[in-house]
Amino acid sequence: MDDKTACCVVGGGPAGMVLGLLLARAGVRVTVLEKHADFLRDFRGDTVHPSTLALLDELGLAERFARLPQRRVRTVQLPVGAGRAPVTVADLSVLRGPYDYVAMVPQWDLLDLLAEEARREPSFELRMNTEATGFLVESGRVTGVRYRTADGGSGTLRAVLTVACDGRGSLARARPELRLRRFACPMDAWWFRLPRRDGDPSGLVGSAGDGLLAAMIDRGDYWQCAALIPKGTDAERRAAGLDRFRADYTAAAPWLADRAQALGSWDDVKLLDVHLDRLRRWHRPGLLCIGDAAHAMSPVFGIGINLAVQDAVAAARLLAGPLRRGRVRPRDVRAVQRRRRPTTVATQALQRAAHARFIAPVLRGAPPLGGPERARRVAALVTAAPWLRRLPAYFLAYGARRERPPATAPHHRPAAPAPHHRPPATEHPTLP
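Given the structure is predicted, the values throughout are model-derived calculations rather than measurements. (Residues numbered from 1 in each chain as written. Predicted model: local features only at pLDDT ≥ 70, side-chain atom pairs only at ≥ 80, totals over all residues. Heavy atoms only, no water.)

### Focus: the packing of aromatic side chains
The full count for this structure, using the stated rule, is 9 aromatic pairs. Look at F192 and F245: their rings are 5.5 Å apart centre to centre, the planes differ by 85°, and that puts the pair in the edge-to-face class. Here the residue F192 occupies a position in strand 13 (residues 187–195), and F245 occupies one in helix 6 (residues 242–252), the gap between them amounting to 53 residues. Take F245: its relative accessible area is 4%, and that puts it in the buried class. Both rings, one in F245 and one in Y249, keep their centres 5.8 Å apart while their planes meet at 55°; by these two values the pair is tilted. Taken as a pair, F245 and Y249 lie in helix 6 at a separation of 4 residues, close to a single helical turn. Here Y249 falls in the buried class, since its relative accessible area comes to 2%. Taken together, the ring pairs in this structure connect W190, F192, F245, Y249 and W266 into an aromatic cluster. Cation over ring: R193 sits above Y222, and NZ or CZ is 4.1 Å from the ring centre. (Phe/Tyr/Trp six-rings, centres within 6.5 Å; stacked < 30°, edge-to-face > 60°. Helix = DSSP H or I, 4+ residues; strand = E, 2+ residues; numbered from the N terminus. Buried < 20%, exposed > 50% of the residue type's maximum accessible area, 1.4 Å probe, protein only. Lys NZ or Arg CZ within 6 Å of the ring centre and 35° of its normal.)

Structure representation (structure tokens):
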């Protein structure tokens, strides 16, 4: 099968679905390829920051998003070791409302909402069970992709522009001219589930143990749990036995001790090999990378999804016009990287500082920031003056630059924004 589209989006994650929706609303023919049959996969990021909340409002989706099961948190903290109070790095309550919180929403619910809305657009197509397997290249220009389907079919999809939104395992990353730059990470993450019971905390909960950082995401009837462990120690720690891990984790979160046996085997514990990196070039003729395909983020602060969404918004605004005209020049795709690279670099610098000053010391059993007294001074400095409190809060909420979506096509009439609903936020810290 050989067919055509204006924009081929590889990957149906947050960046891919937002880009597809915005381009379709702008009158661009767009096809999104998603290799899975649905969006229902566990151990994905769930933090929806104010930048994304505001975008959903602009798109007329605020009311439907508010109906999704969610928890809301306002404080962003980092643990500083067992038995010590965490350090607040941002308090979003100082921001102007209505979006002065982070919404904790299962990613599959957000993706289903975006897909449902995008399907209303006549120029949008979402192909599930369709995996891109390679690029079509003609005269040095990417002109589309080869793909295969779950039923054994295959074909090619030609496009004016192909956008890689397929994460840190992206096909595009194998292209040497894009040049991947890696940064050291002190940790990996284990993901698993434990039952949630009445009387438990809600929202996002985190704490520190002896050489381990624990985080729990409230899923309603269960906890999606993360354990941050020193980089490269997965095999060694598994060899120490599951009982040892249960004991270490419940020492960090004692209120989970009565259900630790629900973790029945190591098969229930999935490893995330944490990466922090970025491409030196996000593009080549006919190809653009955004989101994790362009810059893999650490889970610290849960920022990755929102950076990817903002990449998609910027790409849609800068490229909708060229795509409608049927010609995307190299300078058009370069403009996306020029606009989004400063925020990426600044955010990764912040994550690298958190790795070096907080995460690595705690994982090796040392005090972060040179000791508890210095950590308290840093916390006092951040909260000392209103403008100092707003800076980290605004950066974590919107990044270094806030993006606006492109104008919609004349035929499209988005729903009017819904009244803002502001139930009390869950006062639990956002942790790595």
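This is not the end of the story, as more comes after the structure.
### Description of a positive patch on the surface
There is a patch of like positive charges on the surface, built from R179, R181, R280, R341 and R352. Inspection of the secondary structure assignment puts R179 in the loop between strand 11 (154–164) and strand 12 (180–183). (Patch = residues over 30% accessible without salt bridge, like charges linked within 9 Å, V, L, I, M, F, W, Y side chains within 5 Å. Areas by Shrake-Rupley, 256 points an atom, 1.4 Å probe, with all protein chains shown as cover. Salt bridge = Lys/Arg side-chain N within 4 Å of Asp/Glu carboxyl O. Lys, Arg positive; Asp, Glu negative; His and termini not counted. Charge placed at Lys NZ, Arg CZ, Asp CG, Glu CD.)

### Some words on the environment of R327
Checked against the element boundaries, R327 lands in the loop between helix 7 (304–325) and helix 8 (330–363). Sequence separation between R327 and V160 is 167 residues, and the spatial gap between their C-alpha atoms is 6.8 Å. When neighbours within four sequence positions are excluded, R327 is seen to be in contact with V160, P322 and D332. (Contact = heavy atoms within 4.5 Å.)

### Here we look at the sheet that holds strand 3 (residues 47–48)
Strand order in this open sheet of 3 strands is 3-7-4, and the pairing throughout is antiparallel. The strands lining the two open edges of the sheet, one partner per strand, are strand 3 and strand 4 (71–73). Two strands pair when backbone bridges link them, and strand 3 and strand 7 (residues 102–104) are joined in this way by 2 bridges, in the antiparallel orientation. Within the sheet, the bridge partner assigned to V48 lies in strand 7 and is A103. (Pairing = 2+ DSSP bridges.)

### Overview of the side chain of R72
Tracing the backbone shows R72 in strand 4. This buried residue, R72, is left without a salt bridge; D100 holds the nearest opposite charge, at 7.4 Å. Within the structure, the side chain of R72 is placed 3.2 Å from the side chain of Q70, a separation counted as a polar contact. There is a polar contact of 3.3 Å between the side chain of R72 and the side chain of Y101. (Polar contact = N/O pair within 3.5 Å; in protein donor to acceptor, adjacent residues only side chain to side chain.)

### Concerning the pattern of salt bridges
Summed over all chains, the structure comprises 27 salt bridges. The partner of D273 in a salt bridge is K231, and the shortest N-O contact between them spans 2.5 Å. Pair noted here: D273 is in the loop between strand 17 (270–272) and strand 18 (276–279) and K231 is in the loop between strand 16 (222–230) and helix 5 (234–239), with a separation of 42 residues, a long-range link. Among the ionic contacts, a cluster of salt bridges with common partners joins R25, R64, E116, E117 and R120.

### Regarding the pairing of strand 13
With 7 of 9 residues buried, strand 13 is to be regarded as a mostly interior element. Both strand 13 and strand 17 contribute to a ladder of 3 bridges, which runs antiparallel. Looking at strand 17, one finds that A189 is bridged to L272.

### Some words on the nonpolar core
Judged by nonpolar contacts, the single largest core of 111 residues is most densely connected at M17, L19, L23, F65, I290 and L319. With 11 residues, helix 7 is the single largest residue contributor to this core. Counting 20 residues, the second largest nonpolar core, distinct from the first, contains M216, I229, F245 and L256. (Core = buried A, V, L, I, M, F, W, Y, C linked by side-chain atoms within 4.5 Å.)

### Here's the deal with the confidence of the model for the protein
Looking at the protein as a whole, its pLDDT mean stands at 86, while 84% of the residues score no less than 70. Confidence drops under a pLDDT of 50 for residues 415–432, and excluding neighbours within four residues, the segment shows 54 contacts in the predicted structure. (pLDDT = per-residue confidence, 0-100.)

### Quick notes on the sheet that holds strand 14 (residues 204–209)
As summarised here, the arrangement of the 5 strands in space is 14-15-16-13-17, forming an open sheet in which the pairing is antiparallel. Bordering the open sheet on either side are strand 14 and strand 17, each of which pairs with just one other strand. Taking each pair of neighbouring strands and ignoring which way they run, the sheet shows an average axis angle of 25°. Relative to strand 16, strand 15 (residues 212–218) is paired through 6 bridges, and the arrangement is antiparallel. When the bridges of strand 16 are listed, A215 appears paired with A226. Relative to the sheet, helix 8 contacts strand 13, strand 14, strand 15 and strand 16, its axis offset from that of strand 15 by approximately 105°. (Axes fitted to C-alpha atoms, helices over the stretch in contact; angles between N-to-C directions.)

### Some points on helix 1 (residues 14–25)
The periodicity of an α-helix, 3.6 residues per turn, causes residues three or four positions apart to be oriented the same way. Look at helix 1: 16 Å from first C-alpha to last across 12 residues, which is about the 16 Å you get at 1.5 Å a residue. Counting buried positions along helix 1 yields 12 of 12 residues, so the element is predominantly enclosed. Within helix 1, burial applies to P14, A15, G16, M17, V18, L19, G20, L21, L22, L23, A24 and R25. Backbone geometry just downstream of helix 1 places G27 in the positive-phi region, at approximately 90°. (Expected span 1.5 Å × (residues − 1).)

### Considerations on unusual backbone geometry
Residue G97 is joined to P98 through a cis peptide bond whose omega torsion reads 10°. Among the secondary structure elements, P98 is positioned in the loop between strand 6 (87–91) and strand 7. Even without a glycine there, the phi angle at R179 is positive, about 55°. The phi angle at F301 is positive, at roughly 75°, despite the residue not being glycine. Assignment of secondary structure puts F301 in the loop between strand 20 (287–289) and helix 7.

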